[in-house]
Structure formats: C-alpha cells, structure tokens
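Okay, here's what each chain looks like letter by letter:
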Amino acid sequence: GEIWDGNEAGQSKPETFPTLEYNTGVKVAIGGYDGNLLLKRRWTATPTFMLVLEAWAEVLADDIYQKELRQSLPWGSRRVFKVITGKEDPIEAEPTVKQQIANWFLRFYGQTVDPFGPEVQEIYDLVLKFSGRDDKTHSSSQNTDVRVAWRMVLELLLCDPRVVTY
C-alpha cells in the first residue's frame with residue numbers, strides 16, 4: 001500500500017490503503033492517477049477534468065438563467081438567487097448584490113468572504129462589465145440585460161475547481 005507522511009492537499013495522514021484504489025477520505029480526488037505512472041497519485045486538475053467542469057458549469061448556469069432569472073419564482077423556490085432577484089440594476093443595488101456574491105462564495109466554495117472585500121469586488125466588476133454598466137466597455141452593441149450578465153458570472157464561478165473540492 002501507499003503511506004503518506006504529513007499533510008497533503010489538506011488531508012491528514014490516512015491509514016495505509018491499497019495503491020490502486022482511491023482514498024475514500026478525500027471528497028473528490030481531482031486528477032485521479034497520473035497517466036504515465038499508475039502508482040503515483042496526481043492531485044492537480046487534468047485538462048479533461050477542467051473541460052468537463054466547464055461544460056457542467058455552462059449547463060448549470062443556463063439552467064439557473066432559465067429557471068430563476070427568466071421566470072419570477074417565489075423566494076422559497078429559489079436555489080441560487082436567495083438575496084436578490086437577479087433583475088436589479090447592480091449599481092443601484094450594490095450592497096445587496098455584493099451580499100449575494102459573498103453568499104455564493106460560502107455556498108459554492110465553503111469560503112467566507114467580506115461582501116466589500118477584493119474577491120467580491122472582482123466578481124461585481126465582472127457583472128458591471130458583462131452588463132455594459134462600466135465606463136470602459138460601454139458600447140451600443142454591448143449586452144445591457146443584467147440577467148445575461150449574471151448567467152455569464154455564474155458560469156465563471158461554477159467552473160472553478162473549488163466548487164467540487166471543498
């Protein structure tokens with residue numbers, strides 16, 4: 001079997017386990033086995049894993065767009081937009097929008113962030129950019145539907161490997 005010393009990828013030292021079986025103590029072992037040497041574990045995301053994650057994120061973001069943003073759902077039926085409806089102007093509702101983004105960091109990645117911190121600000125800036133509300137990208141051909149901007153932002157957030165590993 002394989003024996004680990006110390007702490008690898010956030011996992012404490014497990015008991016000895018067979019080399020060619022997955023460690024069941026790991027929530028998601030992204031990467032799986034190294035393609036060149038089957039006896040060596042690989043803890044980085046492979047290109048195939050990232051492509052699958054991106055495709056999954058696109059489908060999920062589109063599903064959220066269709067179900068929560070294009071329709072008017074009661075608050076109790078909402079799964080993703082729990083703080084805002086997704087139809088508000090992000091500039092006028094900035095504090096609430098930032099609270100929603102911070103809520104997603106906790107729900108998607110298990111990470112508590114300050115609603116006015118740099119992580120949330122980065123995503124908020126993307127919402128403004130994708131909805132044509134920032135001064136740098138404003139043009140007549142730019143998307144101005146904030147719901148489409150939210151779909152794009154959700155796709156970016158959901159294709160982060162932290163979504164499946166926390």
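Note that this is a predicted model, so its numbers are computed, not measured. Counting restarts for each chain, with residues numbered from 1 along the sequence as it is written. Whole-chain, interface and lining totals are the exception, using all residues; otherwise, since this is a predicted model, local features are given only for residues with pLDDT of at least 70 and side-chain atom pairs are given and counted only at 80 or more. In computing side-chain values, all of the structure's heavy atoms are included and hydrogens and water are not.

Undergrad: Tell me what's going on with the overall build of the chain, and back it up with residues and numbers.
TA: Scanning the chain from N- to C-terminus turns up five helices and zero strands. Each helix and strand of the chain, ordered N terminal to C terminal, gives the series α-α-α-α-α. Partly exposed describes any residue whose relative accessible area lies between the buried limit of under 20% and the exposed limit of over 50%, with all areas from a 1.4 Å probe on protein chains only and scaled to the type maximum. Burial analysis of the chain (166 residues in total) assigns 34% to the buried set. When checking whether two residues touch, look at their non-hydrogen atoms; a contact exists if any pair is within 4.5 Å. Taking the intrachain contacts of the chain between residues at least 6 apart in sequence as the baseline, contacts between residues at least 24 apart amount to 44%. Computed with the Shrake-Rupley method and a 1.4 Å probe, the accessible areas treat only the protein chains shown as cover for residues. As displayed, the chain offers around 9,900 Å² of accessible surface, 53% of which is attributable to carbon and sulfur atoms. Numbering of helices and strands runs from the N terminus, with a helix taken as a DSSP run of H or I at least four residues long and a strand as a DSSP run of E at least two residues long.

Undergrad: Would you mind going over the pattern of salt bridges in detail, with residue names and values included?
TA: Salt bridges are defined as contacts in which a side-chain nitrogen from Lys or Arg sits within 4 Å of a carboxyl oxygen from Asp or Glu. Inspection of every chain in the model, using the stated rule, returns eight salt bridges. Measuring nitrogen to oxygen at the nearest pair gives 3.5 Å for the salt bridge that ties Arg133 to Asp89. Linking Arg133 in the loop between α3 (118-130) and α4 (146-158) with Asp89 in the loop between α1 (47-69) and α2 (94-109), this pair joins segments that are 44 residues apart in sequence. Given the relative accessible area of 24%, Arg133 is considered partly exposed. The salt bridge involving Asp160 is made with Arg162; its shortest N-O contact spans 2.9 Å. Its relative accessible area of 33% is what places Arg162 among the partly exposed residues. Within this structure, Asp62, Arg151 and Glu155 form a network of salt bridges that share partners.

Undergrad: Please set out the packing of α2 against α3 residue by residue, giving values where relevant.
TA: Packing of α2 against α3 leaves a shortest axis separation of 9 Å and a crossing angle of 115°. When the axis of α2 is compared with that of α3, the two are roughly perpendicular. Taken as a pair, α2 and α3 cross one another with a handedness that is right-handed. Two secondary-structure elements touch here, α2 through Glu94, Val97, Lys98, Ile101, Ala102 and Phe105 and α3 through Glu119, Val120, Gln121, Ile123 and Tyr124. Helix axes use the C-alpha atoms of the stretch in contact, all axes being lines fitted to C-alpha atoms, and the angles between their N-to-C directions lie in the range 0 to 180 degrees. Should an angle lie under 35 degrees it is considered roughly parallel, over 145 roughly antiparallel, and from 65 to 115 roughly perpendicular; all remaining angles are considered oblique. Crossing handedness is defined as follows: a turn of the near helix away from the far one that is anticlockwise and smaller than a right angle gives a left-handed crossing, while the clockwise case is right-handed.

Undergrad: Explain the side chain of Gln100 to me, using residue names and the numbers behind them.
TA: Here Gln100 shows up in helix α2. Here Gln100 falls in the buried class, since its relative accessible area comes to 0%. When near neighbours in sequence (up to four residues on either side) are disregarded, Gln100 contacts Val80, Phe81, Lys82, Val83 and Ile84.

Undergrad: Lay out the environment of Leu51 with the relevant residues and their values.
TA: Looking at the element boundaries, Leu51 is found in helix α1. The class of Leu51 is exposed, set by a relative accessible area of 58%. Counting along the chain gives 108 residues from Leu51 to Cys159, while the straight-line C-alpha distance between them is 9.0 Å.

Undergrad: Account for the packing of aromatic side chains, naming residues and giving values.
TA: Pairs were defined over the aromatic rings of Phe, Tyr and Trp, the Trp ring being its six-membered one, requiring ring centres within 6.5 Å. Orientation was assigned from the angle between planes: stacked under 30 degrees, edge-to-face over 60, tilted for the rest. Evaluation of the coordinates by the stated rule reveals six aromatic pairs. Here the aromatic rings of Trp104 and Phe108 are separated by 6.1 Å at their centres, their planes lie at 10°, and the arrangement is stacked. One end of the pair is Trp104 and the other is Phe108, both in helix α2 and four residues apart, which spans about a single turn. The same class applies to Trp104 as to Phe108, namely buried.

Undergrad: Could you give an account of α4, naming the residues involved and the relevant values?
TA: The first and last C-alpha atoms of α4 sit 18 Å apart over 13 residues, in line with the 18 Å expected at 1.5 Å per residue. Taken as a whole, α4 has its buried residues at Val146, Ala149, Trp150, Arg151, Val153, Leu154, Leu157 and Leu158. For α4, the secondary structure elements touched by its buried residues are α1, α2, α3 and α5 (162-165). Here a polar contact means two N or O atoms within 3.5 Å. Within protein one must be a hydrogen donor candidate and the other an acceptor candidate, and residues neighboring in sequence count only if both atoms are side-chain atoms. Two or three places before Arg147, at the start of α4, stands the capping residue Asp145, its side-chain oxygen 3.0 Å from that residue's backbone nitrogen. To estimate how far a helix should extend, the number of its residues minus one is multiplied by 1.5 Å.

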